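Given next are the chains, with one letter for each unit.
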There are 2 protein chains.
Amino acid sequence: MKTESGTVDLGRFDFASGDEIENLEVAYETYGEFDGDSAEHGSASDRTQSGSNAVLVCHALTGSQNVAGYGSETTGQARAWWNDIVGPGKAIDTNEYYVVCANIPGSCYGTSGPASEDPEGEVYGTDFPPVTLGDWTRSQRLLLDQLGVGRLHAVVGGSVGGMNALDWAKRYPDDVRYVVSVAAAARLDAQCLALDAVARRAITTDPNWNGGEYYDQDERPTDGLALARQIGHIMYLSKSSMEQKFGRRAAGRDARRDSFPSDPAAAFFPYRDVESYLDYQAEKFVDRFDANSYLYLTRAMDDYDLAEGYEDDARAVAAFEGEALLLSFTGDWHFTTEQSETVAAAFRETDAPVAHHVIESDHGHDAFLVEPEKVGPPLRDFLDAGVEGRAVHDTDEPDADSGTDFAPVHASLFSQ
Amino acid sequence: MKTESGTVDLGRFDFASGDEIENLEVAYETYGEFDGDSAEHGSASDRTQSGSNAVLVCHALTGSQNVAGYGSETTGQARAWWNDIVGPGKAIDTNEYYVVCANIPGSCYGTSGPASEDPEGEVYGTDFPPVTLGDWTRSQRLLLDQLGVGRLHAVVGGSVGGMNALDWAKRYPDDVRYVVSVAAAARLDAQCLALDAVARRAITTDPNWNGGEYYDQDERPTDGLALARQIGHIMYLSKSSMEQKFGRRAAGRDARRDSFPSDPAAAFFPYRDVESYLDYQAEKFVDRFDANSYLYLTRAMDDYDLAEGYEDDARAVAAFEGEALLLSFTGDWHFTTEQSETVAAAFRETDAPVAHHVIESDHGHDAFLVEPEKVGPPLRDFLDAGVEGRAVHDTDEPDADSGTDFAPVHASLFSQ
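Because the structure is predicted, anything quoted here is derived from the model rather than measured.

### Quick word on the pattern of salt bridges
Here is step 1: A complete count under the given rule lists 44 salt bridges over all chains for this structure.
Here is step 2: Notably, a salt bridge pairs A:Asp189 with B:Lys239, separated by 2.9 Å at the nearest N-O pair. Taken together, the positions of A:Asp189 in the loop between β10 (176-182) and α4 (190-204) and B:Lys239 in helix α6 (residues 239-245) put the pair across two chains. With respect to class, A:Asp189 is no different from B:Lys239; both count as buried.
Here is step 3: B:Glu341 serves as the salt-bridge partner of B:Arg348, at 3.1 Å between the closest nitrogen and oxygen.
Here is step 4: On the basis of relative accessibility, which here comes to 22%, the residue B:Arg348 falls in the partly exposed class.

Structural data, given as structure tokens:
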């Protein structure tokens, strides 16, 4: 498979906030060969008429451009994060499609963000402009222009990457044929906004955060970032998956209890498997991610509202004439099946072909990463044939097996 | 109504951990007049035969002895925390019952805990012995002995106070006629264990916590305690109640954004109503609660397992020959309806009369405090006539209205 990994300088970039930076650098990777025309996407008619085999994949909050494990030096869960889905012969088949994935502005995997240096060589820190999800989409459009990609065959994203994909249907409705939003929503609900807010407070109350100016310190705000990540991790799992995976078990003998400070009285109680897991995950995370980026990206996610600037979601995507696939998971309480159904209803209102494919899963939000055997078939067939794809189901059609249609899907959510 | 507020010195107390302190002080309040005999509870037969009108109420994690608002100087949500339920003519009618409520060991409302002084006049801090829920129950038994109360008419508790009530049925099966456990469980599940663990880490990573030795410092670990409380608050509300109460609204103009540090880029985004609420609640909480107590009490809660020392829950309560009422709320994800059903099943296995009364509510775990009009009737009637009480329903009996029995109760949990 042909792969490419690089960083392009997109020049001056005007953020939605009104601020700008002189040089927005965007780190990206591509997999497979582009077979589309390389026409500039100057006119809408060009874009509408020209097809291509280009598929843009949008990464999740702390993900990277390294969607399938080639060429990049990212580590941990940012590395090859969708390797089960993207590759030769896989659901997003790199023998067929030219896959592009770019790191989003505000992140820390090569695209400009708070940890990057400004043109004078100084780290931006919290002088970096506020970033919105719309800024991510516009940076992706500009990158694709540089790569010579006009119209996309598809935009596919999971979690906040799925919101990013929806933003493509709203912002560049003529530029994309198929939109796939996996485990996402038109906007976050109050519970997730609250948890994200607490996570940010964990970072900003860490004295080592120091107002965001910690880059030349010996100590980084790792405690705060670790807490933020642990809150996130709990959001990504379901009640039942946590119960099955950890229960109330004590951690094994080898488990180390020293990630966080403790007091003598704590030693009377077991160090539990679930704590050991969260501590281990947090330790890995603080090595790979920047605390300010976590603030910036969660704020962009929290702020996003598909309907913004329009009367409602349906009008926001009314100009989109392609087809849309929403994938959701019954055990996901971060982005619920109900929220995907709301998005599906908006597309239905515009008469765009849309399918909302609900996947039974106990794996919570993480299902989009850990259940490739359930995600792959509808995704592959949708990229091939749209909503008519064989493995693509829709909540609006009676289920062939049970004869029932969209049923209460959360019955299993809190089952033990 | 006759009320009494005081502190008794129970002398040397041996904790389950094997540690002891020389003087366990317990702060308590009583409401109404005791009509029982004042026999010492020396022999089991005394206790079994003697009835009384005494009702022990067990408070929740950060609650106090001040269940109905008389005599105490506790503030905030610890003050008069069940005033809608306890009082003259109310569900727990103080004209009829002698209500006793005691602050639990490890807490900070007058009963000995980490913030108390040892006999040498030094603050215990984290030298205070580890506390278990069983220690709470034993301290309550000792207090009641001092008050001359042998057998109880009832033990009633909500949240971890409901676990405390269940522990009475296990530990002192002959001492109580009616046990009422509201919004509780036999043990916490992995998701709640995880959230509590993160909350404790928020406290212990606050540099002002200082290994628990902060009592002579100018600064207390208020940031960490505030974060812990915010995580707790989110657990007490439901997804749908948060969505209804706050949605994505920005806070009003008067809302102050200065509870936590922030950075310039944050100002581009709204300060949301849900953040303002959590910040306000946290500010109030850190004024009234001790950070070490929060560590101690959450550990006691997390550690509790009704089945401990027995083969299963049913055997743990097998000696209990009274009647039990479990109240649960459909929107509660901290202590779910399924968990209460598990407890009900244990009592059913022992042939103890038991009713599991499920209350439809969107208010999450907080429902036990904020829905007195739904909690009151079954509670009142159960205290009067046990499971045969008129307003007492049970999942095991067909619903008179719908003809269905125990149905998936979480269908509404994540509805918008």
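### Focus: the confidence of the model for chain A
Detail in the predicted coordinates should be disregarded across regions flagged by low pLDDT.
All names here are of chain A.
Here is step 1: In this model, chain A carries a mean pLDDT of 92, and residues with pLDDT of at least 70 account for 91%.
Here is step 2: Note that residues 39-50 has pLDDT below 50 and, in this model, 17 contacts with residues that lie over four places away or in other chains.
Here is step 3: Scored below 50 in pLDDT, residues 400-416 shows 43 contacts in the model against residues more than four places distant or in partner chains.

### Description of the sheet that holds strand β4 (residues 25-31) of chain A
In any sheet, the strands associate via hydrogen bonds between backbone groups, in a parallel or an antiparallel arrangement.
Residue and element names in this part refer to chain A.
Here is step 1: Read across the open sheet, the eight strands follow the order β1-β4-β8-β5-β9-β10-β11-β12; overall the sheet is mixed. Across the chains shown, the open sheet's two edge strands, defined by having one partner strand only, are β1 (3-9) and β12 (354-359). Ignoring which end each strand starts from, the neighbouring axes of this sheet average 20° apart.
Here is step 2: Sheet topology places strand β5 (residues 54-58) next to strand β9 (residues 152-158); four bridges connect them, and they run parallel. Bridge assignment links Cys 58 to a residue of β9, and that residue is Gly 157.
Here is step 3: Across the sheet, helix α3 (residues 160-171) touches β5, β9, β10 and β11 (323-329), and the angle it forms with β9 is around 145°.

### With respect to the UniProt feature "active site" (unreviewed entry) in chain A
Residues and elements named next belong to chain A.
Here is step 1: Cross-referencing UniProt, the feature "active site" (unreviewed entry) maps to Ser 159, Asp 332 and His 365 in the present numbering. In summary, the annotated positions, though distributed over 207 residues, converge in three dimensions, the widest C-alpha pair being only 10.5 Å.
Here is step 2: Residue class for Asp 332 comes out buried when judged on its relative accessible area of 0%.
Here is step 3: Among the polar contacts listed, one links the side chain of Asp 332 to the backbone nitrogen of His 334, at a separation of 2.9 Å.
Here is step 4: Residue position: His 365 is located in the loop between β12 and α11 (367-370).
Here is step 5: Contacts of His 365, omitting those with residues within four sequence positions, involve Ser 159, Ala 183, Met 235, Tyr 236, Asp 332, His 334 and Phe 335.
Here is step 6: Within polar-contact distance, the side chain of His 365 engages the side chain of Ser 159 at 2.7 Å.

### Observations concerning a negative patch on the surface
Here is step 1: Among the surface-exposed residues, A:Glu22, A:Glu117, A:Glu120 and A:Glu122 lie close enough to one another that they form a single negatively charged patch.
Here is step 2: Tracing the backbone shows A:Glu122 in the loop between β8 (98-102) and α2 (133-147).

### Let's talk about helix α8 (residues 291-303) of chain A
All names here are of chain A.
Here is step 1: Compared with the 18 Å implied by 1.5 Å per residue over 13 residues, the 18 Å span of α8 between its first and last C-alpha is a close match.
Here is step 2: Burial of α8 is extensive: 13 of the 13 residues sit out of reach of the surface.
Here is step 3: With a side-chain oxygen positioned 3.4 Å from the backbone nitrogen of Asn 292, the residue opening α8 is Asp 290.

### Quick look at the domain arrangement of chain A
All names here are of chain A.
Here is step 1: Partitioning chain A into structural domains gives domain 1 (3-190 + 305-388) and domain 2 (191-299).
Here is step 2: Computed from C-alpha coordinates alone, the two centres of domain 1 and domain 2 are separated by 27 Å.
Here is step 3: The interface is formed by 34 residues belonging to domain 1 together with 32 residues belonging to domain 2.
Here is step 4: Taking both sides of the interface into account, the surface hidden between domain 1 and domain 2 amounts to around 2,800 Å²; carbon and sulfur atoms contribute 58%.
Here is step 5: Of all residues in domain 1, Leu 61, Thr 126 and Trp 333 give up the largest surface area on contact with domain 2, accounting jointly for 23% of the area buried on that side.
Here is step 6: At the junction of domain 1 and domain 2, the tally comes to zero salt bridges.

### Looking at the sheet that holds strand β4 (residues 25-31) of chain B
All names here are of chain B.
Here is step 1: Strand order in the open sheet formed by eight strands is β1-β4-β8-β5-β9-β10-β11-β12, and the pairing between neighbours is mixed. Looking along the sheet, the strands with just one partner apiece sit at the ends: β1 (3-9) and β12 (354-359). For this sheet, the mean angle separating the axes of adjacent strands, direction not counted, is 20°.

### Here's the deal with the packing of aromatic side chains
Here is step 1: Using the criterion set out here, one finds 35 aromatic pairs over all chains in the structure.
Here is step 2: On the basis of an interplanar angle of 70° and a centroid distance of 6.4 Å, the ring pair of A:Trp82 and A:Phe368 is categorised as edge-to-face. Of this pair, A:Trp82 sits in the loop between β5 and β6 (86-87) while A:Phe368 sits in helix α11, and the two are 286 residues apart along the sequence. Here A:Trp82 matches A:Phe368 in class, with each residue buried.
Here is step 3: An aromatic cluster of at least three residues, connected via ring pairs, comprises A:Phe13, A:Phe15, A:Tyr124, A:Phe128 and A:Tyr296.
Here is step 4: Taking the ring centre of B:Tyr296 as reference, the NZ or CZ of B:Arg299 above it sits at 5.1 Å.

### Points about the interface of chain A and chain B
Here is step 1: Taken residue by residue, the interface counts 72 residues in chain A and 72 residues in chain B.
Here is step 2: Between chain A and chain B, a total of about 5,700 Å² is buried, with carbon and sulfur atoms accounting for 67% of that surface.
Here is step 3: Scanning the region where chain A abuts chain B turns up eight salt bridges.
Here is step 4: Counting the contacts that link chain A with chain B gives 26 residue pairs in polar contact (both at pLDDT 80 or more).
Here is step 5: Those elements giving two or more residues to the side of chain A that touches chain B turn out to be α4, α5 (222-236), α6 (239-245), α7 (273-288), α8 and α10 (337-349) of chain A.
Here is step 6: Its residues placed into classes, the side of chain A that touches chain B shows 39 nonpolar, 16 polar and 17 charged.

Criteria and thresholds
Residues numbered from 1 in each chain as written. Chains lettered and ligands numbered in written order. Predicted model: local features only at pLDDT ≥ 70, side-chain atom pairs only at ≥ 80, totals over all residues. Heavy atoms only, no water. Salt bridge = Lys/Arg side-chain N within 4 Å of Asp/Glu carboxyl O. Helix = DSSP H or I, 4+ residues; strand = E, 2+ residues; numbered from the N terminus. Buried < 20%, exposed > 50% of the residue type's maximum accessible area, 1.4 Å probe, protein only. pLDDT = per-residue confidence, 0-100. Contact = heavy atoms within 4.5 Å. Pairing = 2+ DSSP bridges. Axes fitted to C-alpha atoms, helices over the stretch in contact; angles between N-to-C directions. UniProt positions renumbered as here; feature names shortened; annotations may be inferred. Polar contact = N/O pair within 3.5 Å; in protein donor to acceptor, adjacent residues only side chain to side chain. Patch = residues over 30% accessible without salt bridge, like charges linked within 9 Å, V, L, I, M, F, W, Y side chains within 5 Å. Areas by Shrake-Rupley, 256 points an atom, 1.4 Å probe, with all protein chains shown as cover. Lys, Arg positive; Asp, Glu negative; His and termini not counted. Charge placed at Lys NZ, Arg CZ, Asp CG, Glu CD. Expected span 1.5 Å × (residues − 1). Domains from an automatic or database assignment. Buried area = accessible area lost by both parts, 1.4 Å probe. Phe/Tyr/Trp six-rings, centres within 6.5 Å; stacked < 30°, edge-to-face > 60°. Lys NZ or Arg CZ within 6 Å of the ring centre and 35° of its normal. Nonpolar A, V, L, I, M, F, W, Y, C, P; charged D, E, K, R; others polar.

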